[in-house]
Amino acid sequence: MKTQYRIKVLNRNQEFFCDKETSLLKHFENSKKDGVKIGCRGGGCGVCKIRIVTGEFTCKAMSKAHVTPSDIDEGYVLACRTYPKSHLTIELLNN
Amino acid sequence: MKKGVMRPGHVQIRVLEMEEALKHYRDLIGLIEMDRDDQGRVYLKAWTEVDKYSVILREADEPGLDFIGFKCLNENTLDKLNIDLIEFGCRTKELPANNLKDCGRRIQFTTPTGHTFELFANKKQTGKWGLDNVNPEAWPEGLTGMKAVRFDHCLLYGPDIEKTTQLFCNVLGFDVAEQVIDENNVRISSFLTCSSKAHDIAFINHDEPGKFHHASFWLETWEDILRAADLISMKDVALDIGPTRHGLTHGKTIYFFDPSGNRSEVFCGGDYHYPDHPTVTWQAEALGKAIFYHDRALNERFLTVLT
């Protein structure tokens, strides 16, 4: 069984589990959870931007129009391109 | 083709990862990879197209549209349209032959909506893929995925639809086949044609300039659209909406995203337009039905998710 990481959503008082091969957005979409907008699912449109507050993660390529390298350093990422590598605390943005 | 602009000739699309993009445009949509260049760009075409390529993919760190090229009758037309564009108020730039592989010189300009267009008159012709010009068979064997028949049009989002419409009609000889007007009779969308197709290019009003909504590829039948939908599910491709029908142009359609978030459409059927046809008008209060004829309701993602 794949390792499941605990994802705590700060401003929703919500928790869910996600493996390293499932993007955070895919989890939201599959589980019909609201809070993150579903856009292009390919890192291009920017509507699923969230902030990772704590924890380790990997990201696939994202449009620099929506996420700059310094954004990533501050934890701002697109949920569709972000995969957990540890338990995470995340914050949903006003999108 | 009132001013010698014949058809959409090519679109250059930026993608985040080339090999992933090729799985989409080549393996799924069914375009044929024709060439690559020393900048890493990949050139593709749909099988019925006579010119060597119609889609160019460029790897970049921001997806979206680089430019759309329209093919003109001849080099004299290019010179004439260059003057007309400058008189209209556009700044034009001439790119030399072979800046795009096997393509003649191109005249580039920017529309008031903030999109880069270009005109060209010559491109190497390789003929319909897999078929002879003499006694041709119905279709070639060896096509993949959705087996796209041709690159058909793009839909772009940006400001100043009115001036852009004037540019396409008055300078480039297009007609407004269909339009959407708001409650104050202001045009908020133009579907423009230089042929008898319902659209060769379309624009929707949007504050941010230069945005790309989709590139569209033509399939022959509704059955082909359903088969495209099957492939989208089989390959777990990001679906936008469909299969459904548009009110605007009445095309039967499905929308989905490439791996970089650029939207693609495959569609079939729909209306046609001749220069003596009056413009078909959709009122903003019927916009839901205009865009999705069956749901009759707007979908926020379709209106706002762009690259």
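**Student:** Tell me about the packing of aromatic side chains, and name the residues and values.
**Tutor:** Residue and element names in this part refer to chain B. The full count for this structure, using the stated rule, is 14 aromatic pairs over all chains. Both rings, one in Phe70 and one in Phe117, keep their centres 6.2 Å apart while their planes meet at 25°; by these two values the pair is stacked. With Phe70 in strand β5 (residues 64-72) and Phe117 in strand β8 (residues 116-120), this pair connects stretches of sequence that are 47 residues apart. With relative accessibility at 1%, the residue Phe117 sits in the buried group. When the ring of Phe168 is compared with that of Phe174, the centres are 5.0 Å apart and the planes differ by 90°; the resulting orientation is edge-to-face. Residue Phe174 is classed as buried on the basis of its relative accessible area of 2%. Members of the aromatic cluster, connected to one another through ring pairs, are Phe70, Phe109, Phe117, Phe168, Phe174 and Phe203. The cationic tip of Arg150 hangs over the ring face of Trp218; the distance from NZ or CZ to the ring centre is 4.8 Å.

**Student:** An account of the sheet that holds β8(B) is needed here, citing residue identities and associated values.
**Tutor:** All names here are of chain B. The mixed open sheet is built from eight strands, whose spatial order is β2-β3-β4-β1-β5-β8-β7-β6. What marks the edges here is a single partner per strand, and that holds for β2 (32-36) and β6 (93-95). Across the sheet, the axes of successive neighbouring strands diverge by a mean angle of 25°, strand direction being ignored. Of the pairings in the sheet, the one linking strand β1 (residues 5-15) to β5 comprises eight bridges and is antiparallel in character. The residue of β5 that forms the bridge with Arg14 is Gly64. Sitting on the sheet, helix α2 (residues 75-88) touches β1, β5, β7 (106-110) and β8, and the angle it makes with β8 is about 145°.

**Student:** Pulling in residues and values, what's your account of the layout of surface pockets?
**Tutor:** Roughly 780 Å³ of internal volume is contained in the largest pocket. What lines the largest pocket is a set of 29 residues, and nearest its centre among them are A:Arg41, B:Lys235, B:Asp236, B:Val237 and B:Ala238. Looking at the lining of the largest pocket, the elements with two or more residues in it are α1 (24-30) of chain A together with α1 (18-28) of chain B. Top contributing element to the lining of the largest pocket by residue count: α1(B), with five residues. Residues belonging to the lining of the largest pocket are distributed by class as follows: eleven nonpolar, five polar and 13 charged. Volume-wise, the second largest pocket comes out at about 460 Å³. Lining the second largest pocket are 27 residues, and of these B:Arg150, B:Phe151, B:Asp152, B:Lys197 and B:Asp200 lie nearest its centre.

Definitions and limits used
- Residues numbered from 1 in each chain as written.
- Chains lettered and ligands numbered in written order.
- Predicted model: local features only at pLDDT ≥ 70, side-chain atom pairs only at ≥ 80, totals over all residues.
- Heavy atoms only, no water.
- Phe/Tyr/Trp six-rings, centres within 6.5 Å; stacked < 30°, edge-to-face > 60°.
- Helix = DSSP H or I, 4+ residues; strand = E, 2+ residues; numbered from the N terminus.
- Buried < 20%, exposed > 50% of the residue type's maximum accessible area, 1.4 Å probe, protein only.
- Lys NZ or Arg CZ within 6 Å of the ring centre and 35° of its normal.
- Pairing = 2+ DSSP bridges.
- Axes fitted to C-alpha atoms, helices over the stretch in contact; angles between N-to-C directions.
- Contact = heavy atoms within 4.5 Å.
- 1 Å grid on protein atoms, 1.4 Å probe; cavity = no way out; pocket = protein on both sides within 12 Å on 5 of 7 lines; lining within 4 Å.
- Points joined across faces, edges and corners; volume = space filled by probe spheres on them.
- Nonpolar A, V, L, I, M, F, W, Y, C, P; charged D, E, K, R; others polar.

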